[in-house]
Amino acid sequence: MKPLNSLKILDLTDGNPYAASMFADYGAEVLKIESPCCGDSIRRRGATAEKKEGIYHSFYNRGKKSMTLDITKPQGQEIIKKLVQKFDMLIVNKPESQMKVWGLGFEDLKRENPMLIYGVLTPYGESGPWKDMPDYDLLINSRSGLQEKTGMPEKPTKFGFPLGYIYSSWHLSAGMMAAYLKAQETQEGMKVSVSVWHTLVSLDDTFAEGLLGMNELPRRIGNGFPTTNPTDTFKCKNGWFSLSIGSDAQWISFAQCAGNKVWAEDPRYAHDPARSMENYFGDLDQQLRDYFATITIEEADMICREAMVPGGPCNTFRELVNDEQVANRNMVVHVQDDVLGDVLQIGKAAKFSNGSEEDDVIASAPVLGADTSAYLEQLGLLGEADKLKAEGII
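Residues numbered from 1 in each chain as written. Predicted model: local features only at pLDDT ≥ 70, side-chain atom pairs only at ≥ 80, totals over all residues. Heavy atoms only, no water.

Describe the environment of A300, listing the residues and the values that go with them.
With respect to the helices, strands and loops of the structure, A300 is situated in helix α14 (residues 297-307). Residue classification places A300 among the buried positions, given a relative accessible area of 1%. Sequence-wise, A300 and D386 are 86 residues apart; in three dimensions their C-alpha atoms are separated by 67 Å. In this structure A300 touches C236, F241, F292 and I295, once residues within four positions along its chain are discounted. (Helix = DSSP H or I, 4+ residues; strand = E, 2+ residues; numbered from the N terminus. Buried < 20%, exposed > 50% of the residue type's maximum accessible area, 1.4 Å probe, protein only. Contact = heavy atoms within 4.5 Å.)

Now the structure itself:
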């Protein structure tokens, strides 16, 4: 049995449904409220002329239910208020100030359900001079300082995926669960507000601590690390290999297995801080580049395994999909999507000790409005469905 199967969540997000996805993956009943005209905008991301809904919807909205409802109209707002009475949580990715205009702010809905947990995800926060600024992940990467410290010395770069939106969704999910547990004690709901920018600012330990603790800002050094080395990516005969040494013992073990006594015994290299802070950049790092260029990824992997140090190939996703570790941990799974058919998707990260094979089964993302009638019936409004549809409410 999935651990959150008793939890019920209203998902009012658009274009960024990952927070509610976490709850759906672990068993919660998640009802996605979508625009009657075209649904969540994520449905169209990755779409083609032949397929009007793309793979993003299939992944981010998997396991959810779908109800079409125009919450900008009074009748739609009244239906939300009735639904809230039957749900534990509500998630939006717009400022509460906008929800208040529609009578759907936290205090408005708390009158309908005093124990409601009201989650808000915004780009920069609900106050301050940046609160109304337009956003995309790239911009928040930049404004958080994360992008400036990521990349090669000559140019900052972004992550290869929308880290900010995914990680902030995790923070919102965790915050909402914390508020939910507190509400079980106090019988009183709570609003939880997270911004993508908050999350990325909170990620930094190296640069921030370097500046705040040592009054020195570390430089951007690509895949290297300012204080612990070697930590970098090296070109082998047949691809790229990552090595991350975190202690003198690891380094000496690596050097011995690589057959290089100088690295293990020379005082410039054998111990920190001399190795990492004084003799790595421009000296030892070039020696390592020359060394790795003479061996294959497979040989490098065997050396690191023998030395018991952190090292491994830079996998492509195709290589990852075929790796036995991925299969063992069910991290790529088949999902029978109602529109796209059999699709491969990323599995669930958390594994539970009392779980069963059924817990790894993931339901399809919903067809737009597939569950509208069922929820209207729960509210005693099914008889009004034709009228609501004619007025564009559902």
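Before we move on, can you summarise the pattern of salt bridges with the specific residues and values?
Pairing is possible between side chains that carry opposite charge, provided their charged atoms lie close to one another. If you walk through the whole model with that rule in mind, you get 20 salt bridges. Put simply, D132 and K131 hold a salt bridge, and the shortest N to O gap is 3.0 Å. By relative accessible area, D132 is classed as exposed at 63%. Owing to a relative accessible area of 35%, K131 belongs among the partly exposed residues under this scheme. One salt bridge in this structure joins D272 and R275, with 3.2 Å as the shortest N-O distance. Its relative accessible area of 30% is what places D272 among the partly exposed residues. A residue is classified by how much of its surface remains accessible, and R275, at 0% relative accessible area, is buried. Each of D11, K32, D40 and K64 takes part in a single network of salt bridges with overlapping partners. (Salt bridge = Lys/Arg side-chain N within 4 Å of Asp/Glu carboxyl O.)

Let's hear about the packing of helix α6 (residues 137-144) against helix α8 (residues 196-203): which residues, and what values?
Packing of α6 against α8 brings their axes to within 9 Å, and their N-to-C directions diverge by 45°. When the axis of α6 is compared with that of α8, the two are oblique. Between α6 and α8 lies a crossing of right-handed hand. Side by side, α6 and α8 meet where I140, N141, R143 and S144 of the first sit next to V196, W197, L200 and V201 of the second. Taken together, the residues of the contact of α6 with α8 sort by class into five nonpolar, two polar and one charged. (Axes fitted to C-alpha atoms, helices over the stretch in contact; angles between N-to-C directions. Parallel < 35°, antiparallel > 145°, perpendicular 65-115°, else oblique. Left-handed = near helix turned anticlockwise from the far one by under 90°. Nonpolar A, V, L, I, M, F, W, Y, C, P; charged D, E, K, R; others polar.)

Go over the nonpolar core, please, and point to the residues and values.
Among the nonpolar cores identified, the biggest contains 30 residues, and I33, I79, I80 and L83 are the most heavily contacted of them. Top contributing element to this core by residue count: helix α3 (residues 74-84), with four residues. Contacts of L83, omitting those with residues within four sequence positions, involve L10, L31, I33, M67, Y375 and L379. Residues L7, A19, I91 and L172 belong to the second largest nonpolar core, which totals 28 residues. (Core = buried A, V, L, I, M, F, W, Y, C linked by side-chain atoms within 4.5 Å.)

Talk me through the side chain of T199; I want residue IDs and the actual numbers.
Looking at the element boundaries, T199 is found in helix α8. Sequence-distant contacts of T199, defined by excluding residues within four places in its chain, comprise Y167, S168, H171 and V194.

If you had to explain the packing of aromatic side chains to someone new, which residues and values would you point to?
Throughout the structure, instances matching the rule amount to 18 aromatic pairs. For the pair F87 and Y375, a centre-to-centre distance of 6.3 Å together with 40° between the ring planes defines the contact as tilted. Of this pair, F87 sits in the loop between α3 and β4 (89-92) while Y375 sits in helix α17 (residues 372-378), and the two are 288 residues apart along the sequence. We classify F87 as buried; its relative accessible area is 2%. With centroids separated by 5.8 Å and ring planes inclined at 85°, the aromatic side chains of W263 and Y291 adopt a geometry described as edge-to-face. Taken as a pair, W263 in helix α11 (residues 261-265) and Y291 in helix α13 (residues 280-292) lie far apart in primary sequence, 28 residues in all. Members of the aromatic cluster, joined through ring pairs, are F234, F241, W251, F254, W263, Y291 and F292. The ring of F87 carries K8 above its face, with NZ or CZ at 4.9 Å from the centroid. (Phe/Tyr/Trp six-rings, centres within 6.5 Å; stacked < 30°, edge-to-face > 60°. Lys NZ or Arg CZ within 6 Å of the ring centre and 35° of its normal.)

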